[in-house]
Amino acid sequence: MLGHYLMFNRNCEEALEAYEKAFNTKVITMQKYKDMPTDPSFPVAESDLNLVLHSRLVIDGTEIMCADSGQAPASGNNMYITLTSGNEEMIKQAWAILKDGGKIYLELNPSFFAKLHGHLQDKFGVNWMFTVE
């Protein structure tokens, strides 16, 4: 499944409320940073616990995912193309090709919510997020 991931500057939940109204839809998933298991290598400030870690809604049959960014997104880095699949080999192949000459934001590794998850910017400036279910 190919999708979109929007990053917000501490106002993701507000944006989701507007999207629900604008598109007559409902958020189908919302996790906040406080819902994440404690991890000393990924500390979360008290002021960030109620920010959106991950959310999903469907607009006219297309899934859109959203979250609050740890830093204020600037034009160009506030959008990701996401690929979620059970095909681990396809994800690993795409990762290997697109990381060449690119910038890794989060290494493709197992996570608490997926078999593998990672994101990068390819050498063309396109942001990609990969998840193996």
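Right, let's walk through the structure included here. (Residues numbered from 1 in each chain as written. Predicted model: local features only at pLDDT ≥ 70, side-chain atom pairs only at ≥ 80, totals over all residues. Heavy atoms only, no water.)

A few words now on helix α1 (residues 12-23). Between its first and last C-alpha, α1 extends 16 Å over twelve residues, near the 16 Å set by a 1.5 Å rise per residue. Those residues of α1 that fall on the buried side of the exposure criterion are Cys 12, Ala 15 and Leu 16. Buried residues along α1 cover an arc of 100° about the axis, so they all sit on one side. Residues of α1 that are exposed and point more than 90 degrees away from the buried face comprise Glu 14 and Lys 21. Along its buried surface, α1 packs onto β1 (2-8), β2 (27-32), β3 (52-59) and β4 (62-68). Looking one or two places after α1, you find Asn 24, whose phi comes out positive at around 50°. (Helix = DSSP H or I, 4+ residues; strand = E, 2+ residues; numbered from the N terminus. Expected span 1.5 Å × (residues − 1). Buried < 20%, exposed > 50% of the residue type's maximum accessible area, 1.4 Å probe, protein only. Arc of directions from axis to C-beta. Contact = heavy atoms within 4.5 Å.)

Turning our attention to the side chain of Asp 68. With respect to the element layout, Asp 68 can be found in strand β4. Despite its burial, Asp 68 remains without a salt bridge, the nearest opposite charge being carried by Arg 10 at 7.1 Å. Side-chain polar atoms of Asp 68 contact the backbone nitrogen of Arg 10, separated by 3.1 Å. From its side chain, Asp 68 meets the backbone nitrogen of Asn 11 in a polar contact 3.0 Å long. Here Asp 68 is in contact with Met 7, Phe 8, Asn 9, Arg 10, Asn 11, Cys 12, Tyr 33, Leu 51 and Val 52, once residues within four sequence places are set aside. (Lys, Arg positive; Asp, Glu negative; His and termini not counted. Salt bridge = Lys/Arg side-chain N within 4 Å of Asp/Glu carboxyl O. Polar contact = N/O pair within 3.5 Å; in protein donor to acceptor, adjacent residues only side chain to side chain.)

Going through the model one piece at a time under the given rule, you end up with six aromatic pairs. When the ring of Phe 8 is compared with that of Tyr 19, the centres are 6.4 Å apart and the planes differ by 55°; the resulting orientation is tilted. Of this pair, Phe 8 sits in strand β1 while Tyr 19 sits in helix α1; the two residues are eleven residues apart in sequence, bridging distant segments of the chain. For Phe 8, a relative accessible area of 13% puts it in the buried group. By relative accessible area, Tyr 19 is classed as partly exposed at 23%. When the centroid spacing of 6.0 Å and the interplanar angle of 10° are considered together, the rings of Trp 128 and Phe 130 count as stacked. The exposure classification of Trp 128 matches that of Phe 130, with both residues buried. Three or more aromatic residues joined by ring pairs form one cluster here, namely Phe 8, Tyr 19 and Phe 23. (Phe/Tyr/Trp six-rings, centres within 6.5 Å; stacked < 30°, edge-to-face > 60°.)

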